[in-house]
Amino acid sequence: MKKRILPVFIGFLVTLSASAQTYITRSGRVIFFSKAPVENIEANNNEVTSFLDIKKGEVAFVTLIKSFKFKKALMEEHFNENYMESNTFPKANFKGTITDLSKVNFYKDGAYTVTIKGDLTIHGVTKNIEVPATVSLSEGKINANSKFNIKVKEYNIKIPSTVVNNIAETITITVDCKYEPFKKG
Amino acid sequence: MRKKLLIITTSFFMATSSFAQDTTDISKMLEDELKANDINKTYYTTATFKTTRLIDGHSVENTAPGVLDVKISHRFGTIGGSNGGAYNFFGLDNATMRLGFDYGITHTLMIGIGRSTSNKTFDAFFKLKILRQSTGKRKMPITLSYVPTIGVISFRDTSLYKFFSSRVNFTHQLIIGRKFTEGLSLQIMPTLVHRNYPVDRGPNDVYAFGIGGRQKLSKRTSFNAEYYYQIPSTKVPGTVNVLSLGFDIETGGHVFQLHITNSSSMTESNFITGNKGSWQKGDILFGFNISRVFNVVKKHTKEW
């Protein structure tokens, strides 16, 4: 009897450890912040989907531009219609790798500062970026945070001269994701 | 022995299947997730038109919830024709206007009030979206709105209007609109105008059919056109159908609408059933609408 349980147990263990290689969030949040002389503009998006592969150190994010919510309805409309052109470019995505993966012990609680390098695609323009991030572990859950700046000009987003005092040239992006083990189905 | 073998092979399969994840591509998994998400979500079409008015009449667009839209609309006098010309400064001497307030209650319901120079008319309406154009889980090709308007003529002529009810008219309008592409939106507007006491001795019920649309010229400008056709059997004698051509410019919180039209009125009962100006006779006039939005109620963003 004991002998029989053992192989099942081993098989089970292998499955468990392997399935915990990929982590997912469907409700990651990204905050868009523009600081300009006339007004500060903030938009929240808590419908970001992201995968994290802890073995390979790969991360991938995708979100719909329409999921960014603004305080003013007209700002949201202009963001989609005039700047991001969300009908033509509905998604923004990022795919990258943790360059210093060895720093992170995914089996020990704690916060680790890492660097993520990869391709960010916004408004149909892909740019290679390198951003600092914090990976923190507590009770088997993985939390990832990052804050970085992007220049709207680099993504071919035009700001008319009449609103230069309303919209910043550099936007601060804050990312906050709480990952859970990915189960298929 | 057999049983043992079975267990071992089963566990082996379990192990390999999980090892197979090593080769899975998270970008592809992300795509699959998105596709699954797309099926479960409805995406409503936004910004079919720049503002709630096409030119004189309503567009299928609503004011966002908690947003007040102050509308100042001007029509100058006719450029040509018998009342125009250099003597009347090509119409600038004779301006009429409407001051209006539109307010969004929900995503599907807005209300509005206004006061026009023509017949000193007060008007009030609501606009209810019955269907909303959408893609995703719920696919809807069109937006359908119902707009009932009440107009009250406050012109002081007691010999003409013996009762208060004589001054009242009602307009029922259905607006069927579709944003075909990013730039092109079209709408049709079957309309019924009921006048309690038609001073023009025309019919009480006037049926009309409106057609209109916009073509974006750039991100912030568009060309608009609007035409209201009175069904001949109920047409008010001596009136002319209204054709308006316009140009929208959007700048931040403002929308400027510049147009040329043959109507000096801006409420349905006045411009659909009471217009005398004719394009052929040179009764063309210049007008503009200015729309400015104010966020009255702060949007409750979900705390997370």
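What counts and how
- All residue numbers here refer to positions counted from 1 along the written sequence of the relevant chain.
- Labels follow written order: the first chain is A, the first ligand is 1, and so on.
- The predicted nature of this model means local features are confined to residues of pLDDT at least 70 and side-chain atom pairs, given and counted, to a pLDDT of 80 or more, with totals for whole chains, interfaces and linings taken over all residues.
- Think of the side-chain values as coming from all heavy atoms in the structure, minus any hydrogens and water.
- Each helix is a run of DSSP H or I of at least 4 residues and each strand a run of E of at least 2, with the numbering of both proceeding from the N terminus.
- In this description the radius of gyration comes from C-alpha coordinates, and the expected globular size is given by 2.2 Å times residues to the power 0.38.
- In this scheme, a residue with accessible area under 20% of its type's maximum is buried, one over 50% is exposed, and one in between is partly exposed, where area comes from a 1.4 Å probe on protein chains only.
- The criterion used for residue contact is that any of the two residues' heavy atoms lie within 4.5 Å.
- Residue-level accessible areas treat just the shown protein chains as cover; the underlying method is Shrake-Rupley with a 1.4 Å probe.
- Working convention for charge: Lys and Arg count positive, Asp and Glu count negative, and His plus the chain ends are omitted.
- Positions of charges follow a simple convention, taking NZ of Lys, CZ of Arg, CG of Asp or CD of Glu.
- In summary, the pairing rule links any two rings of Phe, Tyr or Trp, Trp by its six-membered ring, whose centres are within 6.5 Å, and it sorts them by plane angle into stacked for under 30 degrees, edge-to-face for over 60 and tilted for everything else.
- Sitting over a ring, as applied to charges here, requires NZ of Lys or CZ of Arg to be within 6 Å of the ring centre and within 35 degrees of the ring normal.
- Candidate patch residues must exceed 30% relative accessible area and have no salt bridge, after which like charges are joined if within 9 Å and Val, Leu, Ile, Met, Phe, Trp or Tyr side chains if within 5 Å.
- Just to be clear on terms, a salt bridge is a Lys or Arg side-chain nitrogen sitting within 4 Å of an Asp or Glu carboxyl oxygen.
- Scored between 0 and 100, pLDDT is the confidence that the predictor attaches to each residue.
- In short, DSSP must find at least two bridges between two strands for them to pair.
- Working convention: axes come from line fits to C-alpha atoms, limited for helices to the stretch in contact. Angles between N-to-C directions cover 0 to 180 degrees.

1. Considerations on the overall build of chain B
Thought 1: Helix and strand counts for chain B come out as three helices and 14 strands.
Thought 2: The C-alpha radius of gyration of chain B comes to 27 Å, more than 25% above the 19 Å expected for a compact globule of 304 residues.
Thought 3: In terms of its C-alpha atoms, chain B occupies a principal-axis envelope of roughly 110 × 40 × 40 Å.
Thought 4: Residue burial in chain B is summarised as follows: out of 304 residues, 45% are buried.
Thought 5: Residue pairs in contact within chain B that sit at least 24 positions apart in sequence constitute 57% of those at least 6 positions apart.
Thought 6: Roughly 15,200 Å² of accessible area belongs to chain B as shown, and the carbon and sulfur atoms make up 66% of that amount.
Thought 7: Across chain B, the centroid of the 37 positively charged side chains sits 4 Å from that of the 22 negatively charged ones.

2. Quick look at the packing of aromatic side chains
Thought 1: For the coordinates displayed, the defined rule picks out eleven aromatic pairs over all chains.
Thought 2: Aromatic pair Phe76 of chain B and Phe286 of chain B: ring centres 6.1 Å apart, planes at 5°, arrangement stacked. Pair noted here: Phe76 of chain B is in strand S2 (residues 67-78) and Phe286 of chain B is in strand S14 (residues 285-295), with a separation of 210 residues, a long-range link.
Thought 3: The buried category is assigned to Phe76 of chain B, whose relative accessible area is 16%.
Thought 4: One aromatic cluster is present, formed by Phe32, Phe68, Phe70 and Phe79 of chain A through successive ring pairs.
Thought 5: Here the basic side chain of Arg132 of chain B rests over the ring of Tyr44 of chain B, its NZ or CZ set 3.9 Å away from the ring centre.
Thought 6: The ring of Phe294 of chain B has Arg292 of chain B sitting right over it, with the charged end atom 5.4 Å from the ring centre.

3. Examining a nonpolar patch on the surface
Thought 1: Taken together, the side chains of Ile79, Phe89, Phe90, Leu92, Leu217, Phe223, Phe247, Leu258, Ile260 and Phe286 of chain B define a hydrophobic patch exposed on the protein surface, amounting to about 870 Å² of accessible area.
Thought 2: With respect to the helices, strands and loops of the structure, Phe90 of chain B is situated in the loop between S2 and strand S3 (96-104).

4. Some remarks on the confidence of the model for chain A
Thought 1: Looking at chain A as a whole, the pLDDT averages 88, with 88% of positions reaching at least 70.
Thought 2: With pLDDT under 50 throughout, residues 15-19 of chain A is counted as low confidence; its partners more than four residues away or in other chains account for eight contacts.

5. Re the sheet that holds S3 of chain B
Residue and element names in this part refer to chain B.
Thought 1: Here twelve strands make up a closed barrel; going around it, the order is S2-S3-S4-S5-S7-S8-S9-S10-S11-S12-S13-S14 and the pairing antiparallel. Strand after strand, the sheet turns through a mean of 20° between neighbouring axes, direction not considered.
Thought 2: Pairing of strand S10 (residues 205-216) with strand S11 (residues 221-230), which is carried by nine bridges, proceeds in the antiparallel orientation. Each bridged residue has a counterpart across the sheet, and for Gly212 the counterpart in S11 is Glu226.

6. Points about the pattern of salt bridges
Thought 1: Considering all chains together, one arrives at 17 salt bridges over all chains under this definition.
Thought 2: For Glu81 of chain A, the salt bridge goes to Lys179 of chain B, with nearest N and O atoms at 3.2 Å. Of the two residues, Glu81 of chain A sits in helix H2 (residues 73-83) while Lys179 of chain B sits in strand S8 (residues 168-179), which places them in two different chains. Here the two residues Glu81 of chain A and Lys179 of chain B agree in accessibility, since each one is buried.
Thought 3: The partner of Asp32 of chain B in a salt bridge is Lys28 of chain B, and the shortest N-O contact between them spans 3.3 Å. On the criterion of helical spacing, the pair formed by Asp32 of chain B and Lys28 of chain B is a turn pair, its members being four residues apart in helix H2 (residues 26-40).
Thought 4: Assessed through its relative accessible area of 38%, Asp32 of chain B is described here as partly exposed.
Thought 5: Within this structure, Glu81 of chain A together with Lys179, Glu182 and Lys216 of chain B form a network of salt bridges that share partners.

7. Some remarks on the pairing of S11 of chain B
All names here are of chain B.
Thought 1: Count of turn residues in the S10/S11 antiparallel hairpin: four residues.
Thought 2: Summarising the sheet, S11 and strand S12 (residues 242-251) pair through eight bridges and their orientation is antiparallel. Residue pairing for S12: Tyr227 is matched across the bridge by Leu243.

8. Concerning the confidence of the model for chain B
Residue and element names in this part refer to chain B.
Thought 1: Within chain B, residue pLDDT values average 89, and 90% of them lie at 70 or more.
Thought 2: Low pLDDT (under 50) marks residues 16-22, which in the prediction has twelve contacts with non-local residues, meaning those over four places away or in another chain.
Thought 3: Under the prediction, the complex receives an ipTM of 0.78, its pTM being 0.83.

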